Amino acid sequence: MNKIPVITIDGPTASGKGTVASRVAQSLGFHYLDSGALYRLTAYKALKNHLDLADEPSVARLAAALKPIFKEGKIILDGENVTDKIRAEAVGIAASKVAALGAVREALLEVQKGARSEPGLVADGRDMGSVIFPDATLKVFLTASAEARAQRRFNQLKEKGIIANIDTLAQDLRERDRRDMQRALSPLAPAPDAKILDSSSLTIDQTVNQVLAWYKTVNR
Ligand code: C5P
């Protein structure tokens, strides 16, 4: 049995998982795994190489050979700083397409499991608690209404100087949720033993504090 503690934070797109997970990791001095970034990097490179996103063996080969460098909040792929580029909506949508391919999920398995190291790990994604770390110390499923998530995404983009249409954003979110929930492999769903946290009307601090409070109770 692996004794290294893991907190999994799964949930739909724009639920705030990434921000919450990295803050929880920081507060506990744990490592942080952004599993969505691995699917985004795969999609980004597949698009760049003009691969057919449905060509499972080729996309999986590309995923298995990815050598991203995560350093000081930046993500470098093949010498290119892709930190912001992989956050583009088009890359997110492509990521959810390649994430439906079994061979791609398989290719990314080891690198995810390998992120579990002392003194502990906070992992965010869709299947962290259900598939990758079924024995996690604490499993959280973070949700928020589609409206609240669209608003957050809108604000994030605005901060970057990008003005988006909130209705289009909400529509994209729903489309991505549907694809993530309906796929046959590792569909987006809370693990049976996950704690559900609806952050629609919570601030980031309140959400982080709730996760830390839960962790305290299970880590006694
Ligand atoms: O979390 P993020 O929006 O960065 O993830 C991008 C896409 O990668 C998701 O829409 C989902 O399809 C996929 N993903 C996944 N399993 C994970 C993390 C992300 O299928 N653990």
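Conventions and cut-offs
Residues numbered from 1 in each chain as written. Predicted model: local features only at pLDDT ≥ 70, side-chain atom pairs only at ≥ 80, totals over all residues. Heavy atoms only, no water. Helix = DSSP H or I, 4+ residues; strand = E, 2+ residues; numbered from the N terminus. Expected span 1.5 Å × (residues − 1). Buried < 20%, exposed > 50% of the residue type's maximum accessible area, 1.4 Å probe, protein only. Arc of directions from axis to C-beta. Contact = heavy atoms within 4.5 Å. Polar contact = N/O pair within 3.5 Å; in protein donor to acceptor, adjacent residues only side chain to side chain. Axes fitted to C-alpha atoms, helices over the stretch in contact; angles between N-to-C directions. Parallel < 35°, antiparallel > 145°, perpendicular 65-115°, else oblique. Left-handed = near helix turned anticlockwise from the far one by under 90°. Near = heavy atom within 4 Å. Areas by Shrake-Rupley, 256 points an atom, 1.4 Å probe, with all protein chains shown as cover. Nonpolar A, V, L, I, M, F, W, Y, C, P; charged D, E, K, R; others polar. Salt bridge = Lys/Arg side-chain N within 4 Å of Asp/Glu carboxyl O.

Q: What exactly am I supposed to notice about helix H9 (residues 166-182) here?
A: Since there are 3.6 residues in each turn of an α-helix, residues three or four apart along the chain are aligned in direction. Helix length check: H9, at 17 residues, gives a terminal C-alpha distance of 24 Å against a target of 24 Å (1.5 Å per residue), a fit within 8%. Of the residues making up H9, those classed as buried are Leu 169, Ala 170, Asp 172, Leu 173, Arg 176, Asp 177 and Asp 180. The buried residues of H9 all sit within an arc of 160° when viewed along its axis, so they share a single face. Opposite the packed face of H9, turned more than 90 degrees from it, sit the exposed residues Asp 167, Gln 171 and Gln 182. For H9, the elements touching its buried residues are helix H2 (35-48), helix H4 (89-98) and helix H8 (146-159). Of the residues flanking the start of H9, the one acting as N-cap is Asn 165, its side-chain oxygen 2.8 Å from the backbone nitrogen of Asp 167.

Q: Looking at this structure, how should I read the packing of H4 against H9?
A: For any two helices packed against each other, one specifies the inter-axial angle together with the distance between the axes. Running from N to C, H4 and H9 point in directions that differ by 15°, and their axes come no closer than 9 Å. On the basis of their axis angle, the class for H4 and H9 is roughly parallel. Between H4 and H9 lies a crossing of left-handed hand. Seen from H4, the contacting residues are Glu 89, Gly 92, Ile 93, Ser 96 and Lys 97; seen from H9, they are Asp 172, Arg 176, Arg 179 and Asp 180.

Q: How should the site of the ligand be read in this particular structure?
A: Neighbouring the ligand are 18 residues, the closest being Arg 40, Arg 105, Asp 127, Asp 180 and Arg 183. Contacts to the ligand include Arg 40, whose side-chain N or O atom sits 2.6 Å from an oxygen atom. Measuring from an oxygen atom of the ligand, one finds a side-chain N or O atom of Asp 180 at 2.7 Å. Contact with the protein chains covers 97% of the free accessible surface of the ligand, which is 450 Å². At the level of secondary structure, the elements contributing two or more residues to the shell around the ligand comprise H2, H4 and H9. If you tally residues by element for the shell around the ligand, the top one is H2, at four residues. Broken down by class, the residue content of the shell around the ligand amounts to four nonpolar, five polar and nine charged.

Q: Sorry, what's going on with unusual backbone geometry here?
A: Excluding glycine, residues mostly carry a negative phi; peptide bonds, for their part, are mostly trans. Omega for the peptide link from Glu 118 to Pro 119 comes to 0°, which places this bond in the cis form. Take Pro 119: it is sitting in the loop between helix H6 (109-113) and strand E6 (121-125). The phi angle at Ala 14 is positive, at roughly 60°, despite the residue not being glycine. Residue placement: Ala 14 occurs in the loop between strand E1 (6-10) and helix H1 (17-28). Under the relative-accessibility criterion, Ala 14 is labelled buried at 15%. You will see that Glu 72, though not glycine, has its phi angle at about 50°, which is positive. Looking at the element boundaries, Glu 72 is found in the loop between strand E3 (69-71) and strand E4 (74-77).

Q: So what exactly am I meant to see when it comes to the pattern of salt bridges here?
A: A side chain with one charge may pair with a side chain of the opposite charge, provided their charged atoms come close. Summed over all chains, the structure comprises 14 salt bridges. A salt bridge links Asp 78 to Lys 45; the shortest N-O distance between them is 3.1 Å. In this pair, Asp 78 is assigned in the loop between E4 and strand E5 (80-81) and Lys 45 in helix H2, connecting sequence segments 33 residues apart. A relative accessible area of 56% places Asp 78 in the exposed class.

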